[in-house]
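Architecture at a glance
Below are the chains, spelled out letter by letter.
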Amino acid sequence: MKPLFRQRLILKALPVILLLLATFSGTASAQYSEYQIKGGWLVSFAKYVTWPDKVFDSDDEPIIIGILGDDPFGEDLDNIVRNRKANGRPIIIRRNNDIRELKGAHIIFFSNSNELTISEVFKDYNSRKGILTIGDGISNFCELGGIINFRKDRPTTFDLNLEAAIDARLIIHSKLLQLAKKFVHYDN
């Protein structure tokens with residue numbers, strides 16, 4: 001992808017992210033923390049992913065974002081999603097240290113506190129169909145089967161495993177694909 005084209009795409013997405021963040025600060029020009037920006041990204045991810053029809057029982061069923069492990073967002077994420085919708089659906093947040101307690105989540109954010117158990121979680125949790133998995137700068141997250149992983153070197157950018165998204169039967173819209181820093185494949 002040409003650098004100028006990528007810059008234009010990022011510039012187009014930036015106002016959307018800043019608008020989301022401005023809802024709880026009152027101004028779009030303030031400095032935002034890493035996790036306020038990542039919270040804005042979570043909402044954007046929800047808007048630019050299409051889930052299989054069978055995932056939702058009704059047209060107004062909410063998109064559930066599950067936070068697995070330590071919650072780095074605090075109240076910021078709740079403030080970002082308050083009164084927001086993604087694809088016409090309200091967004092709700094659930095938090096837990098046990099992935100089994102996040103059953104029904106459409107997006108699961110793996111905090112970096114769970115880095116040592118990721119491969120075990122993916123091995124045991126083989127019913128990930130229809131779940132967008134997002135890692136918080138976790139080593140080899142995408143190679144192990146995660147779909148999106150925030151980068152450690154630039155934590156507000158992300159890598160993407162398109163194969164894992166296809167396996168989960170998710171459609172990642174081209175606008176989101178164009179913002180991925182790097183495409184990653186499964187380790188063989």
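Residues numbered from 1 in each chain as written. Predicted model: local features only at pLDDT ≥ 70, side-chain atom pairs only at ≥ 80, totals over all residues. Heavy atoms only, no water.

1. Thoughts on the sheet that holds strand 3 (residues 85–86)
Taken in spatial order, the eight strands make up an open sheet running 3-4-2-5-6-7-8-10, and their pairing is mixed. Both outer strands of the open sheet, strand 3 and strand 10 (182–183), are each paired with one neighbouring strand and no more. Bridge count between strand 3 and strand 4 (residues 89–96): two bridges; the pairing is antiparallel. Note that in strand 4 the partner of Ala86 across the bridge is Arg89. Packed onto the sheet, helix 2 (residues 34–47) meets strand 2 (63–68), strand 3, strand 4, strand 5 (107–110), strand 6 (132–136), strand 7 (148–150) and strand 8 (158–160) and runs at close to 165° relative to strand 6. (Pairing = 2+ DSSP bridges. Helix = DSSP H or I, 4+ residues; strand = E, 2+ residues; numbered from the N terminus. Contact = heavy atoms within 4.5 Å. Axes fitted to C-alpha atoms, helices over the stretch in contact; angles between N-to-C directions.)

2. So, the nonpolar core
Counting residues in each nonpolar core, the largest one holds 36 residues, and the members touching the most others are Phe45, Leu132, Ile134 and Phe158. Sort the elements by how many residues they give to this core and helix 2 lands first, with six residues. In contact with Phe158, not counting residues within four places along its chain, are Trp41, Phe45, Ile148, Asn149, Phe150, Arg151, Leu176, Leu179, Ala180, Lys181 and Lys182. Counting residues in hydrophobic clusters, the runner-up holds 11 residues, among them Leu102, Ile118, Ile131 and Phe141. (Core = buried A, V, L, I, M, F, W, Y, C linked by side-chain atoms within 4.5 Å. Buried < 20%, exposed > 50% of the residue type's maximum accessible area, 1.4 Å probe, protein only.)

3. Considerations on the confidence of the model for the chain
Of all residues in the chain, 76% attain a pLDDT of 70 or more, and the chain-wide mean is 82. Low pLDDT, under 50, characterises residues 18–29; the predicted model gives this stretch 25 contacts beyond four residues in sequence or across chains. (pLDDT = per-residue confidence, 0-100.)

4. Some remarks on the side chain of Asp136
Checked against the element boundaries, Asp136 lands in strand 6. Accessibility expressed as a relative area gives 3% for Asp136, which makes it buried. Reaching out from Asp136, the side chain makes a polar contact with the side chain of Lys38 at a distance of 2.5 Å. If we ignore the near neighbours within four places in the chain, the residues touching Asp136 are Glu34, Tyr35, Lys38, Pro72, Phe109, Phe110, Ser111, Asn112, Asn149 and Phe150. (Polar contact = N/O pair within 3.5 Å; in protein donor to acceptor, adjacent residues only side chain to side chain.)

5. Description of the pattern of salt bridges
Summed over all chains, the structure comprises seven salt bridges. A salt bridge links Asp136 to Lys38; the shortest N-O distance between them is 2.5 Å. Of this pair, Asp136 sits in strand 6 while Lys38 sits in helix 2, placing them 98 residues apart in sequence. With a relative accessible area of 2%, Lys38 lands in the buried category. Residue Arg151 pairs with Asp159 through a salt bridge whose shortest N-O separation is 2.7 Å. Taken individually, Arg151 and Asp159 each receive the classification buried, so the pair is uniform in this respect. Taken together, the shared-partner salt bridges in this structure form one network comprising Glu34, Lys38 and Asp136. (Salt bridge = Lys/Arg side-chain N within 4 Å of Asp/Glu carboxyl O.)

6. Here's the deal with the packing of aromatic side chains
We describe a pair of aromatic rings using the distance from one ring centre to the other and the angle between the two ring planes. Summed over all chains, the structure comprises nine aromatic pairs. Three or more aromatic residues link up through ring pairs in this structure, and these residues are Tyr35, Trp41, Phe45, Phe73, Phe109, Phe150 and Phe158. (Phe/Tyr/Trp six-rings, centres within 6.5 Å; stacked < 30°, edge-to-face > 60°.)

7. Focus on the pairing of strand 6
By the criterion of burial, strand 6 is predominantly enclosed, with five of the five residues buried. Of the two faces of strand 6, both are covered, the one formed by Leu132, Ile134 and Asp136 as well as the one formed by Thr133 and Gly135. Direction of pairing for strand 5 relative to strand 6: parallel, over a ladder of four bridges. Across the sheet, residue Phe110 finds its bridge partner in strand 6, namely Gly135.

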